[in-house]
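# A structural walkthrough
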Amino acid sequence: MERIPILKMGNFLLVTIQVDMHDRLAITLQEDLTNRITQTHAHGVLIDISGLEIVDSFIGRVLANIARMSWVLDAETVVVGMQPAVAITLVELGLSLTGIRTALNVEKGMALLRSSLNETTNQTTATKWRADDDAED
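By convention here, each chain's residues receive numbers from 1 onward along its written sequence. Only residues with pLDDT of at least 70 are given local features in this predicted model, and only at 80 or more are side-chain atom pairs given and counted; all residues enter the totals for whole chains, interfaces and linings. Only heavy atoms go into the side-chain values, all of them from the structure, while hydrogens and water stay out.

## Considerations on the packing of helix α1 (residues 23–40) against helix α2 (residues 57–72)
- Closest axis-to-axis distance for the α1/α2 pair is 10 Å, and the angle between their directions is 10°. Accordingly, the angle class assigned to the pair α1 and α2 is roughly parallel. Contact residues: α1 offers D23, A26, I27, L29, Q30, L33, T34 and I37, while α2 offers F58, I59, V62, N65, I66, M69 and S70.
- Charged means Asp, Glu, Lys or Arg here, nonpolar means Ala, Val, Leu, Ile, Met, Phe, Trp, Tyr, Cys or Pro, and polar covers whatever is left, Gly included. Tallied by class, the residues present in the contact of α1 with α2 amount to ten nonpolar, four polar and one charged. Under this scheme, a helix contributes an axis fitted over its contacting stretch, all axes are lines through C-alpha atoms, and angles between N-to-C directions fall in the 0 to 180 degree range. Starting at the N terminus, helices and strands are each numbered in turn, a helix being any DSSP run of H or I of at least four residues and a strand any DSSP run of E of at least two. Here is the rule for angles: anything less than 35 degrees is roughly parallel, anything more than 145 is roughly antiparallel, 65 through 115 is roughly perpendicular, and the remaining ranges are oblique. Pairs of residues are marked as contacts when any of their non-hydrogen atoms sit within 4.5 Å.

## Structural notes on unusual backbone geometry
- For H41, which is not a glycine, the phi torsion comes out positive at approximately 60°.
- Topologically, H41 is positioned in the loop between α1 and β3 (44–48).
- Phi is positive for D74, close to 70°, though the residue is something other than glycine.
- Turning to its location among the elements, D74 is positioned in the loop between α2 and β4 (76–80).

What follows is the structure in C-alpha cells.
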C-alpha cells in the first residue's frame, strides 16, 4: 500500500505530498499522521502540498480534519506550498480550512510553528508563575 512519509523534526512532523492524492491515500495519511502525533508527542505538523496541482472537496475536508484532529492531540497544523489553482478551487468549493494556518513555503511554515510553540511555552510559563505566586500568598 502506498504511504506518504512523515518525518520528525524536533517537536514537529513534516509531511511532503509529492504524489497525486486519491481518497484512500488521504485517509491513510490522516490515520498515519494522528498515530505519529500520539507516538512522538509532536506539537506541530507541517504539510507541504506544493506537489498537488488539484485538491477536490474530499481532500480539502481531509486536510481540515487532520488539522482538527491534530489540535485535539495538542499539535498545530500549517499547510505550505499551496498552488494558486488549488487556492482558487478551495474558495470556489466553499471550503474553509478551519484550524489550518498557511504559509508560502516550508521555511516560513516552520517559523510559524516555532513562533506558535514559543507563544504556548511563554503562556504556560506565565501561568505557572502566577500559580506559584498565588501559592505564596
